[in-house]
Amino acid sequence: MAKINFTQEQIKDIIRKYENLESAEKIAIDIGCSSARILRLLKKNNISIRKVKTLSPETIEKIFDLYTKEFYTITEIQKLLHLSSKTIKNVLFKKNILDTKYSYRFYDGLEKLKNPSDSVYQELLYYLIGLLITDGCCSISKKNNIHQLILSLQLKDKECLEKINIYLPNISNLFFPKTRKDVVLSFGSKIIVDFFKEFGIIPRKTLIAKLEKDSHLNVDTIRGLLEGDGSISQTKDNYSICVGFTSASKDLILQYIDFLNKNLNINIGFKTIKPRDKKAIIRNREVDSKHDLFYVNLFGKTAFRLLKILYTNKKFFITRKHEKAIKIIEIYEKRERLKLERYNFIIGEIISGKTDSDIAKSLGISASAIKNYKAKHNIRSKDIRKLEVIYENI
């Protein structure tokens with residue numbers, strides 16, 4: 001509600017109306033401000049305040065319906081009914097809709113995260129865990145008892161956080177700092193901080209980050225990890241692809257490797273960069289760290305397999321990384337189709353009795369290239385022709 005600066009004439013008029021037994025609530029409605037503002041003004045001018053009348057049952061029911069059925073916020077109800085936020089909160093508290101701090105809809109949203117029966121909220125929960133454990137910041141002030149969980153991304157990735165905020169409207173707050181070119185999703189609640197703490201999201205987690213249970217690590221968590229501290233890259237000719245993940249936590253890297261081994265049958269190790277005076281180079285980027293850094297890079301077919309399970313039919317992602325992954329998947333699948341077509345063509349030509357020179361001529365390549373191709377794919381012309389004769393005689 002916009003603040004109104006009263007003139008001396010308005011102040012005198014307010015005092016006159018109040019002394020003529022008009023209620024502060026009615027005066028507030030006429031002027032367009034809260035009744036609390038009118039009462040403060042009267043006290044400032046040494047006007048004795050009459051005992052406040054209790055709200056009518058109709059008003060109480062109206063507040064209840066606006067908040068629980070029409071999903072008005074307390075601020076919106078305040079503007080509509082010209083009541084103070086304290087009055088509205090007291091009504092909702094007596095109706096067991098509010099406790100001392102949090103709203104009914106806050107608990108409703110939290111319940112969807114705690115028991116995600118809906119597949120969308122299940123994906124959201126684990127994706128958010130991956131992002132928070134890499135790019136999140138958890139802070140707890142014992143002095144002021146302030147608990148906060150913050151997720152910050154580049155401004156160009158705001159669409160991702162906006163989508164998350166849509167699904168968690170009464171749990172999270174989205175804002176754009178004026179001093180930085182980024183977007184921030186904030187959870188200012190002890191309940192939320194305690195909830196995500198069960199997954200391993202704690203203060204000062206950079207060097208010790210890890211998921212509390214292996215069951216917390218799934219496809220959506222991995223996608224969150226990679227979009228937080230990973231990269232997807234390809235050469236200009238789209239021939240080579242790389243999916244990398246870097247962390248200052250050895251435990252988190254080992255969990256990532258364990259997931260690749262169990263789910264994709266990929267056996268791979270990690271590399272370590274030790275602190276040094278000169279900046280280290282990881283995937284063409286300078287990295288300056290006072291601590292050990294651990295990273296894992298996947299190339300070629302293994303990178304393609306990982307991207308396919310991470311980005312097929314998913315709802316939550318950073319758009320630019322999703323677009324790059326989908327492009328790589330399409331290029332790689334097209335390349336695999338062409339390889340299969342060529343393989344089937346060569347097998348067909350062998351069965352029809354053509355020599356390596358004939359096949360090479362039809363493809364516009366050298367005969368030695370055909371020989372190398374057959375050796376690479378373990379193709380033996382005599383065996384293929386024998387099999388064809390056997391199938392014809394069955």
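Residues numbered from 1 in each chain as written. Predicted model: local features only at pLDDT ≥ 70, side-chain atom pairs only at ≥ 80, totals over all residues. Heavy atoms only, no water.

What follows deals with the overall build of the protein. A count of helical and extended segments in the protein gives 17 helices and 10 strands. Total accessible area on the protein is roughly 24000 Å²; 50% of this is exposed by carbon and sulfur atoms. (Helix = DSSP H or I, 4+ residues; strand = E, 2+ residues; numbered from the N terminus. Areas by Shrake-Rupley, 256 points an atom, 1.4 Å probe, with all protein chains shown as cover.)

As for its placement among the helices and strands, Thr-87 is situated in helix α6 (residues 85–94). Given a relative accessible area of 25%, Thr-87 falls into the partly exposed group. The spatial distance from the C-alpha of Thr-87 to the C-alpha of Ser-35 is 10.0 Å, given a sequence separation of 52 residues. (Buried < 20%, exposed > 50% of the residue type's maximum accessible area, 1.4 Å probe, protein only.)

Within strand β6 (residues 241–247), 7 of the 7 residues are buried, which leaves it mostly tucked inside the rest of the structure. Alternating residues of β6 divide into Ile-241, Val-243, Phe-245 and Ser-247 and Cys-242, Gly-244 and Thr-246, and every residue in both groups is buried. Pairing of strand β5 (residues 230–234) with β6 involves 5 bridges; the strand directions are antiparallel. Opposite Ile-232, over in β6, you have Val-243 as the bridge partner. (Pairing = 2+ DSSP bridges.)

Here we take up the pattern of salt bridges. Tallying each qualifying case throughout the model produces 8 salt bridges. Between Asp-13 and Arg-16 there is a salt bridge, and its shortest N-O distance comes to 2.5 Å. Taken together, the positions of Asp-13 and Arg-16, both in helix α1 (residues 8–19) and 3 residues apart, correspond to about one turn of that helix. Looking at Asp-13, the relative accessible area reads 28%, which means it is partly exposed. Judged by relative accessible area, Arg-16 falls into the partly exposed class, the value being 43%. Connected through shared salt-bridge partners, Glu-123, Asp-220, Arg-223 and Lys-314 make up one network. (Salt bridge = Lys/Arg side-chain N within 4 Å of Asp/Glu carboxyl O.)

Once that is clear, we can look at α1. For α1, built from 12 residues, the straight-helix expectation of 16 Å at 1.5 Å per residue is met to within 8% by its first-to-last C-alpha distance of 17 Å. Within α1, burial applies to Ile-11, Ile-14, Ile-15, Lys-17 and Tyr-18. Axial view of α1: buried residues confined to an arc of 165 degrees, hence all on one face. Across from the buried face of α1, at angles greater than 90 degrees, the exposed residues are Gln-8, Glu-9, Lys-12 and Glu-19. (Expected span 1.5 Å × (residues − 1). Arc of directions from axis to C-beta.)

One finds Leu-149, Ile-164, Leu-168, Phe-196, Tyr-256 and Leu-306 to be the most contacted residues of the largest nonpolar core, which totals 64 residues. Ranked by residue count, the leading element in this core is helix α8 (residues 119–135), at 10 residues. Contacts of Phe-196, omitting those with residues within four sequence positions, involve Leu-113, Leu-125, Leu-128, Ile-129, Leu-132, Leu-149 and Ile-201. In this structure, Ile-14, Cys-33, Ile-38 and Ile-47 belong to the second largest nonpolar core, which totals 13 residues. (Core = buried A, V, L, I, M, F, W, Y, C linked by side-chain atoms within 4.5 Å. Contact = heavy atoms within 4.5 Å.)

Aromatic ring pairs are reported here in terms of the distance separating the ring centres and the angle at which the planes meet. Taken as a whole, this structure holds 9 aromatic pairs when the rule is applied. Ring centres of Tyr-167 and Phe-316 lie 5.4 Å apart, and the angle between their planes is 75 degrees; on these two criteria the pair is classed as edge-to-face. Of this pair, Tyr-167 sits in helix α9 (residues 158–167) while Phe-316 is found in the loop between α13 (300–311) and α14 (319–351), placing the two residues 149 residues apart along the sequence. Since its relative accessible area comes to 23%, Tyr-167 is described here as partly exposed. Take Phe-316: its relative accessible area is 1%, and that puts it in the buried class. Taken together, a centroid distance of 5.7 Å and an interplanar angle of 85 degrees make the contact between Phe-270 and Phe-294 edge-to-face. Residue Phe-270 is located in the loop between α12 (250–264) and β7 (271–273), and its partner Phe-294 is located in strand β10 (residues 293–299); the two are separated by 24 residues in the primary sequence. Put simply, the rings of Phe-187, Phe-195, Phe-196 and Phe-199 pair up and form one aromatic cluster. Over the face of the ring belonging to Phe-317 we find Lys-163, whose NZ or CZ atom lies 4.8 Å from the ring centre. (Phe/Tyr/Trp six-rings, centres within 6.5 Å; stacked < 30°, edge-to-face > 60°. Lys NZ or Arg CZ within 6 Å of the ring centre and 35° of its normal.)

What follows deals with the sheet that holds β5. Pairing between the strands of a sheet comes from backbone hydrogen bonds, and it takes one of two forms, parallel or antiparallel. The strand order across the open sheet formed by 4 strands is β5-β6-β10-β7, and the pairing between neighbours is antiparallel. Both outer strands of the open sheet, β5 and β7, are each paired with one neighbouring strand and no more. Neighbour to neighbour, the strand axes of the sheet diverge by 25 degrees on average, direction disregarded. Pairing of β7 with β10, which is carried by 3 bridges, proceeds in the antiparallel orientation. (Axes fitted to C-alpha atoms, helices over the stretch in contact; angles between N-to-C directions.)

Here the focus is α13. Counted at 1.5 Å a residue, the expected span for α13 with its 12 residues is 16 Å, and the 17 Å between its end C-alpha atoms agrees. Buried residues of α13: Ala-303, Phe-304, Leu-306, Leu-307, Leu-310 and Tyr-311, and no others. The arc enclosing the buried residues of α13, seen along the axis, measures out at 165 degrees, which places them on a common side. Considering only its buried residues, α13 is in contact with α11 (219–229), β5, β6, α12, β10 and α14. Positive backbone phi, at 55 degrees, marks Asn-313, one or two positions downstream of α13.

This paragraph deals with the pairing of β10. Within β10, 6 of the 7 residues are buried, leaving the element largely enclosed by the surrounding structure. Pairing of β6 with β10 involves 6 bridges; the strand directions are antiparallel. By the bridge assignment, Phe-245 is partnered in β10 with Val-296.

Another point: the packing of helix α5 (residues 74–81) against α6. Running from N to C, α5 and α6 point in directions that differ by 115 degrees, and their axes come no closer than 9 Å. The pairing of α5 with α6 is recorded here as roughly perpendicular in orientation. Our pair here, α5 against α6, has a crossing hand that is right-handed. Residues Ile-74, Ile-77 and Gln-78 of α5 lie in contact with α6, whose contacting residues are Ser-85, Ile-88, Lys-89 and Leu-92. (Parallel < 35°, antiparallel > 145°, perpendicular 65-115°, else oblique. Left-handed = near helix turned anticlockwise from the far one by under 90°.)

Any link to function would need more than the numbers given here.
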